[in-house]
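For reference, the chains in residue letters:
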Amino acid sequence: MFNLKGRDFLTLKDFTSEEIEYLLNLSADLKAKKRAGNKGDLLEGKSIVLLFEKASTRTRTAFEVACFDEGGQVTFLGSKDSQFGKKESVEDTAKVLARFYDGIEFRGFSHERVEELAEHSNVPVWNGLTDLYHPTQILADFLTVKEHVAKPLRDVKFCYIGDGRNNMANSLMIGAAKVGMEIHIIAPKSLWPGKELVEEMREVCKETGGKIEITEDINAVKGADVLYTDVWVSMGEEDQFKERIDLLKDYQVNMEMIKKCENDKVVFLHCLPSFHDLNTEIGKQIHEEYGLEEMEVTDEVFRSPHSKVFDQAENRMHTIKAVMVATIGR
């Protein structure tokens, strides 16, 4: 049994392999509890606040439903709902909110902001996404892998394809190193992750048995248990669509890439949202400007039996619930 009470959740760097495994097991237990229809009370009497600079579907609803399920209460503050960072400093905001709430979630751009919130708050602060890291997503990803790949995480070959220097690639690499997994970041050289983080995580791998490979070669997917991709352009980078399309068009996850895995049971994951068809405003805009009907993944793969993206999306709720229960629960 691990005691994570009062701990912040800013990056998986701050957690041991055993603590991550504990959170994944707790997530599975809480998921089974919800599936059985058992009402929870582990957050009864607790109130949390969600501070959002970046819009989201899964992160907001996952935190809200997870908290409600266990008897807690939630306040949502979007970028137009408070003086955070405008008329009131991050430090002052943290000190005020910590007087009202038992936990603070932040989703935004600068990782320094969530670190500053944590520094000045005497209640746990949870990172719902920053430009550098997305740790709650990784717990959901790894829970999904545990559910659909008949191997321990340390025996899984995990391949991330696409923008290798974004917050998802960073966070997956950290998570993989921590649990002893073999991860391949497959990306154009100009989009490789930062050398400092790679070297830091390779040091972690020496203790956990993990392995990190960075390559431009798509054939590295051979033997993969999991293929993972993300959008080619992150929020705030919308002026870079043409550059990214030119760089990443050969890194699309399609059925040809699935076949290169030589694994009929390979699992496809995506943190969502995804540009796999023309049923979004941005998807239509990209089609009009660049002629693409699909971007980082084809609709065929997205809707195929390989795809577990909606199990993965659901697991955001169960894993976020585990983080809250572990850090502020009764």
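What comes next concerns the included structure.

Cut-offs used in this document
- Residues numbered from 1 in each chain as written.
- Predicted model: local features only at pLDDT ≥ 70, side-chain atom pairs only at ≥ 80, totals over all residues.
- Heavy atoms only, no water.
- Salt bridge = Lys/Arg side-chain N within 4 Å of Asp/Glu carboxyl O.
- Helix = DSSP H or I, 4+ residues; strand = E, 2+ residues; numbered from the N terminus.
- Buried < 20%, exposed > 50% of the residue type's maximum accessible area, 1.4 Å probe, protein only.
- Contact = heavy atoms within 4.5 Å.
- Axes fitted to C-alpha atoms, helices over the stretch in contact; angles between N-to-C directions.
- Parallel < 35°, antiparallel > 145°, perpendicular 65-115°, else oblique.
- Left-handed = near helix turned anticlockwise from the far one by under 90°.
- Nonpolar A, V, L, I, M, F, W, Y, C, P; charged D, E, K, R; others polar.
- Polar contact = N/O pair within 3.5 Å; in protein donor to acceptor, adjacent residues only side chain to side chain.

1. Concerning the pattern of salt bridges
Argument step 1. Applying the stated rule across the entire model yields 21 salt bridges.
Argument step 2. Among the salt bridges present, the one from Glu-64 reaches Arg-60, with a minimum N-O distance of 3.0 Å. In this pair, Glu-64 and Arg-60 are both assigned in helix H2 (residues 58–69), 4 residues apart and thus about one turn of the helix distant.
Argument step 3. Assessed through its relative accessible area of 31%, Arg-60 is described here as partly exposed.
Argument step 4. Among the salt bridges present, the one from Lys-211 reaches Glu-213, with a minimum N-O distance of 3.9 Å.
Argument step 5. Taken together, the shared-partner salt bridges in this structure form one network comprising Lys-34, Asp-69 and Lys-321.

2. Side note on the environment of Val-253
Argument step 1. Its location among the elements puts Val-253 in the loop between helix H8 (241–248) and helix H9 (255–260).
Argument step 2. A sequence separation of 171 residues divides Val-253 from Ser-82, and the C-alpha atoms of the two residues are 40 Å apart.
Argument step 3. When sequence neighbours within four positions are dropped, the list of residues in contact with Val-253 reads Ile-161, Leu-227, Thr-229, Phe-268, Glu-296, Val-297, Thr-298 and Val-301.

3. Side note on the packing of helix H6 (residues 167–179) against helix H7 (residues 195–208)
Argument step 1. The geometry of H6 relative to H7 is characterised by a closest axis approach of 8 Å and an angle of 20 degrees between their N-to-C directions. Classified by the interaxial angle, the pair formed by H6 and H7 is roughly parallel. When the axes of H6 and H7 are compared, the crossing they make is left-handed. In this structure, H6 uses Asn-170, Met-173, Ile-174, Ala-177 and Lys-178 to contact H7, whose residues at the interface are Leu-197, Val-198, Met-201, Val-204, Cys-205 and Thr-208.
Argument step 2. Looking at the contact of H6 with H7, its residues break down into 8 nonpolar, 2 polar and 1 charged.

4. Quick look at the side chain of His-184
Argument step 1. Within the secondary structure layout, His-184 lies in strand E6 (residues 182–186).
Argument step 2. A residue is classified by how much of its surface remains accessible, and His-184, at 8% relative accessible area, is buried.
Argument step 3. Side chain to side chain, His-184 and Glu-182 meet in a polar contact 2.6 Å long.
Argument step 4. Those residues within four positions of His-184 in sequence are excluded, and the remaining contacts are Lys-157, Phe-158, Cys-159, Tyr-160, Glu-213 and Ala-220.

5. As for the packing of helix H1 (residues 17–35) against helix H5 (residues 135–148)
Argument step 1. Between H1 and H5, the shortest axis-to-axis distance is 10 Å and the interhelical angle comes to 70 degrees. Judged on the interaxial angle alone, H5 and H1 are roughly perpendicular. Contacts from Ile-20, Glu-21, Leu-23, Leu-24, Asn-25, Ser-27, Ala-28 and Lys-31 in H1 reach Leu-139, Phe-142, Leu-143, Lys-146 and Glu-147 in H5.
Argument step 2. Taken together, the residues that form the contact of H1 with H5 break down as 7 nonpolar, 2 polar and 4 charged.

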